[in-house]
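One-letter residues, chain by chain:
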Amino acid sequence: MRDSKRHRATHLKVALFCLTAMLQAASCGQGINELNNESKGLKDYYQNYFPVGVAVAPSHLNPSAPERNLIIREFNSLTAENVMKPGLIHPEENRYFWDNADIIINFAGEHGMKVRGHTLVWHQQTAPWMFRNSDGTEVSKELLLSRLKEHITQVVTRYKGKVYAWDVVNEAIDDSEGKMYRESPWYRICGEEYIEKAFIWAHEADPQALLFYNDYNTENPAKRDKIYNMLKGLLDKGIPVHGIGLQGHWSVSSPSEKELRDAIEKYSSLGLQVQITELDVSVYGWNEDFSKRKPGDDAFTAEREQRQIEQYKMLFRVFRDYKGIITGVTFWNVSDKHSWLDNFPVRNRKNYPLLFDQNLQRKKAYYEVINF
Ligand code: GLA
């Protein structure tokens, strides 16, 4: 009798425990099993919000690459980390190199993923021939614009209908206060005209593609206002610009929620789509002094982990709040195994900016991002 009573009490306790767990899980929006679901990925949790993408190298897509399955499971949009940049896809005046870009485009097609094209005009990773005559002197504005037109027309036409959105111009605005345009060869030789021409020619080559201006520090109020003014000027002239890419190279200490919201509000007031095109969250502040660092100072400490969790939670809460305006979120690199931030702005300082750890496992921040 006493035994069967204890038995009943145990049953009751177990039932109560299950009920509590179920209620807790239900109030979080995802069931407990959902949170460990290996067949669902970020793209599925966010299917009612926006595509979730990742920047990749062709080698990540090899059948033997450990990243490949993770990419298929988690993402539904791809960006080429490097291989579609002008210097790589158009290394010499009369030579295009398509093979690596084609690998990414074909993989996306086979797996029903979108592709963001990155990027048509940039001051970095552009081959030197673009700005030089055969005798080594600098090209005229006329010649540079005709080369630009040729480049854009060839690349956009090749991937017409396969690339749904292009970062047409990358990082044209200057960071210093009071200075509007970056003093790049593009600007020095052509003035600001190259920007509008790039959008016009991209639109001519693929009228269906969404065309973006892409930049970093887009939440910094001074730079934000310069970008806004440039975009407003372009739109007032009827130039086909459809969106702004916030690169999203952020950190545990910036941007603040207010800076991010203000920026999204301001850009979208122009009727533009907003995409986060290169998301990562450095565990270091941008101005942290690492000059006297000791071995181990770049460990992923519990404190860094916690601050990163808080930042990722905030970011995705804001992204969800702007459903319909934010039309894509892309991570820059797959996992903490490799990030460009391992060498920038400090060389050989390990960083941990993504949602997957160095063994490609989901980090705690991942579960916070899908828990809504
Ligand atoms: C910029 C570019 C990217 C990439 C990152 C750093 O944000 O837009 O293509 O080069 O820098 O890796």
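Scroll up to find the structure.
By convention here, each chain's residues receive numbers from 1 onward along its written sequence. For this predicted model, a pLDDT threshold of at least 70 governs which residues receive local features, and a threshold of 80 or more governs which side-chain atom pairs are given and counted, while totals over whole chains, interfaces and linings are taken from all residues. Calculated side-chain values reflect all of the structure's heavy atoms, with hydrogen atoms and water omitted.

1. Some details on the overall build of the protein chain
Selection rule: Only DSSP runs of H or I with at least four residues qualify as helices, and only runs of E with at least two residues qualify as strands; both kinds are numbered from the N terminus onward. We call a residue buried when its accessible area falls under 20% of the maximum for its residue type, exposed when it is over 50%, and partly exposed in between, using a 1.4 Å probe and counting protein chains only. Two residues form a contact once any of their heavy atoms are found within 4.5 Å.
Looking only at helices and strands, one finds 13 helices and nine strands in the protein chain. Across its three principal axes, the protein chain shows a C-alpha extent of roughly 100 × 45 × 45 Å. Burial statistics for the protein chain: of 372 residues in total, 52% are counted as buried. Taking contacts inside the protein chain between residues at least 6 apart in sequence as the whole, the part at least 24 apart equals 76%.

2. Overview of the pairing of strand S9 (residues 326-331)
For the record, the criterion: When DSSP locates at least two bridges between a pair of strands, those strands are taken to pair.
When you tally the buried positions in S9, you get six out of six residues, the bulk of the element. With four bridges connecting them, strand S8 (residues 273-282) and S9 associate as parallel partners. The residue bridging Val274 from the neighbouring strand is Ile326, located in S9.

3. As for the pattern of salt bridges
This is how it is decided: Note on definitions: salt bridges are taken to be side-chain nitrogens of Lys or Arg within 4 Å of carboxyl oxygens of Asp or Glu.
Under the criterion given, the structure shown has 27 salt bridges. The closest approach of N and O atoms between Arg224 and Asp225, which form a salt bridge, is 3.0 Å. Accessibility expressed as a relative area gives 12% for Arg224, which makes it buried. The class for Asp225 is partly exposed, based on a relative accessible area of 27%. In the salt-bridge network here, residues are joined through shared partners; they are Glu257, Arg261, Arg317 and Asp321.

4. With respect to the packing of aromatic side chains
Cut-off, in case you're wondering: The pairing test for Phe, Tyr and Trp rings, Trp by its six-membered ring, is centres within 6.5 Å, and the orientation test on the planes gives stacked under 30 degrees, edge-to-face over 60, and tilted for anything in between. Whether a charge sits over a ring comes down to the Lys NZ or Arg CZ being within 6 Å of the ring centre and within 35 degrees of the ring normal.
Evaluated as defined, the whole model comprises 25 aromatic pairs. Note on Trp250 and Phe319: the rings are 6.4 Å apart at their centroids and 40° apart in plane angle, and the pair reads as tilted. Separated by 69 residues along the polypeptide, Trp250 in strand S7 (residues 249-251) and Phe319 in helix H12 (residues 302-321) bring together distant segments of the chain. Among the residues examined, Trp250 registers a relative accessible area of 4% and is labelled buried. The aromatic ring of Phe212 is capped on one face by Arg116, whose charged end is 5.0 Å from the ring centroid. Lying over the aromatic face of Tyr216, Lys223 brings its terminal NZ or CZ to 3.7 Å of the ring centre.

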